[in-house]
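Inside the fold
Below are the chains, spelled out letter by letter.
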Amino acid sequence: MLGQTGSAAQERMVESLYSLAPGEGYTQSLLEGVRFMRSNRPLRLTPVLYEPSIVIVCQGRKKGYLGSDVYVYDAMHYLVLSVPLPFISETEASADDPLLAVSIRLNMATVAELVTMVGHGETRSNDSPQCMFSTPLKMTMANATLRLLEALRSPEEAQVLAPSIVREICYRVLVDEQGGAVRTALAQQGQFGRIAKALNRIHDDFAEPLEVGRLANEVGMSTSVFHVHFKAVTQTSPLQYIKSTRLHHARMMMIRDGLPAAAAAMRVGYESPSQFSREFKRFFGRPPGEEVREMKALLTLLPPERIEALAVPH
């Protein structure tokens, strides 16, 4: 429980986010890797793709569905993903109480350094790695988040102070209740580490030809063993993961860059525009044009010239 002091910190976080995220969707902050999220309405079950990140919700509620597991992240719980992962998201929000959140992309070089420092890099044998989890928001994490939001209101403080606060937030994750499992995952140990390596390869090179057998070979596994461990981590098959990653990236290209469906299809590695359209509709529930029209207002990043306008002097 955050208590009375925590409630005051939460109110200040919400106040900051109202000015930092004036419009719906994702707003790029003054610091690379940190974005604000806002929704003034509830959102149905929607396929999403998150990078390795920390998501701290200050108002409203989101639920993530991965296989049979449900992850709640709200003002009392934050979400952590240690690998790039597609899942289903649901948002509870309204015009009077919009969802307000901050998303921090994990810098893996920073995390790797911290992992070696926390407990001398040791984890207990019963710390099973997790690719996704939600955990209670403690006062120390709430305070760090508030300081980050306040720093991101000033261009100078965003450059000087914000990076060290992000580092502190990563540290807070590693020493939290599920820190052992997170350290195991982020240290990329054992079979989980091999799958994490394959996931990052898919995430980085989604437009390239990606054969499951070659991916398995690259991480030192047989194809059959690779399938088993891949599904244990992602709740889906390698082929489905590759397909969903390409479709997510194509959707964002159509939204942000204004690409037509055929051009986006080619950009993410599809040879047949008709096959792309069929698979897109099957995955998102509606054809590309309709999906882009519906989601554009929710997912478009503010242009760079709007970012400076968000800087509010103290």
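Scroll up to find the structure.
Report follows, based on the coordinates. Bear in mind that the values here come from a model prediction, so they are computed numbers and not experimental data.

**Some remarks on the pattern of salt bridges**
- For the structure on display, the rule yields 15 salt bridges.
- Across the pair arginine 201 and aspartate 205 runs a salt bridge, and its minimum N-O distance is 3.1 Å.
- Where glutamate 279 meets lysine 243, a salt bridge forms, and the shortest distance between an N and an O atom there is 3.8 Å. Here lysine 243 lies in helix α10 (residues 238-257) and glutamate 279 lies in helix α12 (residues 273-284), a separation of 36 residues in the sequence.
- Of the residues examined, lysine 243 reaches a relative accessible area of 25% and is grouped as partly exposed.
- Each of Arg44, Arg251, Arg286 and Glu291 takes part in one network of salt bridges that share partners.

**Regarding the packing of helix α3 (residues 139-151) against helix α5 (residues 162-174)**
- Axis separation between α3 and α5 bottoms out at 9 Å; the angle between their running directions is 160°. Accordingly, the angle class assigned to the pair α3 and α5 is roughly antiparallel. Between α3 and α5 lies a crossing whose hand is left-handed. In contact with Thr140, Met141, Ala144, Thr145, Arg147, Leu148 and Ala151 of α3, α5 contributes Ala162, Ile165, Val166, Glu168, Ile169, Arg172 and Val173.
- The class makeup of the residues in the contact of α3 with α5 is nine nonpolar, two polar and three charged.

**Remarks on the environment of tyrosine 71**
- With respect to the secondary-structure elements, tyrosine 71 resides in strand β6 (residues 69-74).
- On a C-alpha basis, the gap between tyrosine 71 and phenylalanine 133 in space is 6.6 Å, while along the polypeptide they are 62 residues apart.
- Setting aside residues up to four positions removed in sequence, tyrosine 71 forms contacts with Lys62, Lys63, Gly64, Leu66, Leu79, Met132, Phe133 and Ser134.

**Observations regarding the packing of aromatic side chains**
- Applying the stated criterion across every chain yields a total of seven aromatic pairs.
- Residues phenylalanine 230 and tyrosine 241 carry aromatic rings whose centres are separated by 5.5 Å and whose planes lie at 85° to one another, so their mutual orientation is edge-to-face. Of this pair, phenylalanine 230 sits in helix α9 (residues 223-234) while tyrosine 241 is found in helix α10, placing the two residues eleven residues apart along the sequence. Across the pair, tyrosine 241 and phenylalanine 230 agree in class, each one buried.
- Ring centres of phenylalanine 280 and phenylalanine 284 lie 4.6 Å apart, and the angle between their planes is 45°; this geometry places the pair in the tilted category. You can see phenylalanine 280 and its partner phenylalanine 284 sitting in helix α12, four residues apart, about one turn around the helix. Each member of the pair phenylalanine 280 and phenylalanine 284 is classed as buried.

**Section: the pairing of strand β8 (residues 85-92)**
- Two strands pair when backbone bridges link them, and strand β3 (residues 43-50) and β8 are joined in this way by six bridges, in the antiparallel orientation. Across the sheet, the residue bridging to proline 47 is isoleucine 88, located in β8.
- Across five bridges, the pairing between strand β5 (residues 61-66) and β8 is antiparallel. Within β8, the residue paired with lysine 62 across the bridge is threonine 91.

**Side note on the layout of surface pockets**
- There is about 890 Å³ of room inside the largest pocket.
- Lining the largest pocket are 38 residues, with Tyr26, Arg35, Leu49, Tyr50 and Met252 positioned closest to its centre.
- Elements that contribute at least two residues to the lining of the largest pocket include exactly β1 (25-28), β2 (34-39), β3, β8, β9 (99-105), α10 and α13 (288-299).

**Quick look at helix α2 (residues 108-117)**
- By the burial criterion, the buried members of α2 are Val111, Leu114 and Val115. Here the buried residues of α2 occupy an arc of 105° about the axis, which is enough to place them on one side. Exposed side of α2, more than 90 degrees from the buried face: Ala109, Thr116 and Met117 are the residues found there.
- Its side-chain oxygen 3.0 Å from the backbone nitrogen of alanine 109, asparagine 107 forms the N-cap of α2.

**A closer look at the pairing of β5**
- Across the two faces of β5 the burial differs, with Lys62, Gly64 and Leu66 buried and Arg61, Lys63 and Tyr65 not buried at all.
- For β5 and β6, the ladder comprises six bridges, and the chain directions are antiparallel. Residue pairing for β6: glycine 64 is matched across the bridge by tyrosine 71.
- Between β5 and β6, which follow one another and run antiparallel, lie two residues, and glycine 67 among them has a positive phi close to 60°.

Reading guide: rules and limits
- Going along each chain's sequence as written, the residues are numbered from 1 onward.
- For a predicted model such as this one, the threshold for reporting local features is a pLDDT of at least 70, and the threshold for listing and counting side-chain atom pairs is 80 or more; totals across whole chains, interfaces and linings nevertheless cover every residue.
- Excluded from the side-chain calculation are hydrogens and water; included are all heavy atoms of the structure.
- A side-chain nitrogen of Lys or Arg and a carboxyl oxygen of Asp or Glu constitute a salt bridge if their distance falls within 4 Å.
- A run of H or I in DSSP becomes a helix once it reaches four residues, and a run of E becomes a strand once it reaches two; helices and strands are each numbered from the N terminus.
- Relative accessible area decides the class of each residue, using a 1.4 Å probe on protein chains only: under 20% of the type maximum gives buried, over 50% gives exposed, and in between gives partly exposed.
- Comment: axis = line fitted to C-alpha atoms, over the contacting stretch for helices; angle = value between 0 and 180 degrees taken between N-to-C directions.
- Roughly parallel means an angle under 35 degrees; roughly antiparallel means over 145; roughly perpendicular covers 65 to 115; every other angle is labelled oblique.
- In a left-handed crossing the near helix is turned counterclockwise from the far helix by less than a right angle, and in a right-handed crossing that turn is clockwise.
- Residues are treated as being in contact if the distance between any of their heavy atoms lies within 4.5 Å.
- We call Asp, Glu, Lys and Arg charged. Ala, Val, Leu, Ile, Met, Phe, Trp, Tyr, Cys and Pro are nonpolar, and the rest, Gly among them, are polar.
- Any Phe, Tyr or Trp ring, taking Trp's six-membered ring, that has another such ring centre within 6.5 Å forms a pair; planes under 30 degrees apart are called stacked, those over 60 apart edge-to-face, and the others tilted.
- A strand pair is defined by DSSP finding two or more bridges across the two strands.
- The rule is simple: put a 1 Å grid over the protein atoms alone, call a set of points where a 1.4 Å probe fits but cannot get out a cavity, call an open set with protein on both sides within 12 Å along at least five of seven lines a pocket, and count a residue as lining if it has an atom within 4 Å of a point.
- Grid points are joined across faces, edges and corners, and a volume is the space filled by probe spheres set on the points.
- Working definition: the arc comes from the directions between the helix axis and the C-beta atoms, pointing outward to the latter.
- Any pair of nitrogen or oxygen atoms within 3.5 Å is treated as a polar contact; in protein, a donor-acceptor pairing is required on top of that, and neighbouring residues in sequence qualify only through side-chain atoms on both sides.

Treat this as a map of the structure, not an account of what it does.
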